[in-house]
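Results of the structural survey
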Amino acid sequence: MSSAVTGQSAPAPRAQGAGVDDPHVVAQVRAVFERYESALREADVATLTELFWDDPRCVRYGVADRQYGAGEIAAWRRANPGVPVGRTLRETVVVAVDDRTAVVSTLFGYPRGRTEGRQTQTWVRFAEGWRIVAAHVSEIVT
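Residues numbered from 1 in each chain as written. Predicted model: local features only at pLDDT ≥ 70, side-chain atom pairs only at ≥ 80, totals over all residues. Heavy atoms only, no water.

1. Quick notes on the overall build of the chain
Put simply, the rule is: Numbered from the N terminus, helices here are DSSP runs of H or I no shorter than four residues, and strands are runs of E no shorter than two. Type-normalised accessible area, obtained with a 1.4 Å probe on protein chains alone, sets the label of each residue: buried when under 20%, exposed when over 50%, and partly exposed for intermediate values. It only takes one pair of heavy atoms within 4.5 Å for two residues to be counted as in contact. Where accessible areas are quoted, they stem from the Shrake-Rupley method and a 1.4 Å probe; at the residue level, only the protein chains shown are allowed to cover.
Along the chain, the regular secondary structure elements total three helices and six strands. Walking the chain from its N terminus toward its C terminus, one meets helices and strands in the order α-α-β-β-α-β-β-β-β. Across the 142 residues that make up the chain, the buried fraction comes to 33%. Of all intrachain contacts in the chain linking residues separated by at least 6 positions in sequence, the fraction that spans at least 24 positions is 48%. Taken as a whole, the chain presents about 8600 Å² of accessible surface, with 55% of it coming from carbon and sulfur.

2. Focus: the packing of aromatic side chains
Condition: What counts as a ring pair is set by centres within 6.5 Å for rings of Phe, Tyr and Trp (its six-membered ring), and what kind of pair is set by the plane angle: stacked under 30 degrees, edge-to-face over 60, tilted for all other angles. Geometrically, a charge over a ring is one whose NZ (Lys) or CZ (Arg) sits within 6 Å of the ring centre while staying within 35 degrees of the ring normal.
Inspection of the entire model under this criterion finds four aromatic pairs. On the numbers, 6.2 Å between centres and 70° between planes, the contact of Tyr-36 with Phe-52 is edge-to-face. With Tyr-36 in helix α1 (residues 23–42) and Phe-52 in the loop between α2 (45–50) and β1 (59–61), the pair connects residues that are 16 residues apart, well separated along the chain. With a centroid separation of 6.1 Å and 75° between ring planes, the pair formed by Phe-108 and Tyr-110 is classed as edge-to-face. Looking at Phe-108, the relative accessible area reads 6%, which means it is buried. Taking NZ or CZ as reference, Arg-60 lies 4.0 Å from the ring centre of Trp-76, over its face. Its guanidinium or amino end placed over the ring of Phe-108, Arg-87 lies 4.2 Å from that ring's centre, counting from NZ or CZ.

3. Some remarks on the confidence of the model for the chain
Quick note on the threshold: The pLDDT value tells you how sure the predictor is about a given residue, anywhere from 0 up to 100.
On average, the chain scores 90 in pLDDT, and the residues at 70 or more come to 87%. Throughout residues 1–15 the model reports pLDDT below 50, and contacts reaching past four residues in sequence, or to other chains, amount to six contacts.

4. Points about helix α3 (residues 70–79)
The cut-off we apply is this: Note that the arc is defined by the directions from the helix axis to the C-beta atoms.
Along α3, the positions that sit buried rather than exposed are Ala-70, Ile-73, Ala-74 and Arg-77. Burial along α3 is one-sided: seen end-on, the buried residues are contained in an arc of 95°. Structural note: α3 exposes Gly-71 and Ala-79 on the side pointing more than 90 degrees away from its buried face. Packing partners of the buried residues in α3 comprise α1, α2, β1 and β2 (66–68).

5. Thoughts on the sheet that holds β2
Counted only if it meets this: Between any two strands, pairing holds if DSSP finds at least two bridges. Helix axes are fitted to C-alpha atoms over the stretch in contact, other axes to C-alpha atoms as well, and angles between N-to-C directions run from 0 to 180 degrees.
In space, the six strands of this open sheet follow the order β2-β1-β6-β5-β4-β3, with mixed pairing throughout. A strand with exactly one partner marks an edge of an open sheet, and here the two such strands are β2 and β3 (88–96). When strand polarity is set aside, the average angle formed by the axes of neighbouring strands in this sheet is 15°. Strand direction decides the pairing type here: strand β5 (residues 115–126) and strand β6 (residues 129–141), joined by 12 bridges, are antiparallel. Among the inter-strand pairings, Trp-123 is bridged to a residue of β6, identified as Ile-132. Sitting on the sheet, α1 is in contact with β3, β4 (101–109), β5 and β6, with an inclination near 125° to β5. In this fold α3 packs onto β1 and β2, with an angle of close to 140° to the strand it touches most, β2.

Below, the structure is given as structure tokens:
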């Protein structure tokens, strides 16, 4: 595919490299994501805080809020520790980009709810373990 503006060809699609969707990495990320979800349902603020990257560059965009940095995320979580009872997930997709980076996307909802929630998290494996470096949550009325 060439660009009429630049006259250059678009780069060829990157081939699926070694490590993409490695089953061991997918299993690790799925397990830590399930730990996060359990902590969210149980309002376990310590675990929720632990699982976000402790760095000022960490970002969380919520449904009606946003936080920049681990400190703001932790403060927000202390004020909003959990989710309503009955949260369910569906169509959860874990993409392991390599052995240190993965993205988890899921839909969520609540009993008799009229909204569809959407959640995306970028996870990176650091020396201390898997941590969320960026998260985005949104809802739409269905």
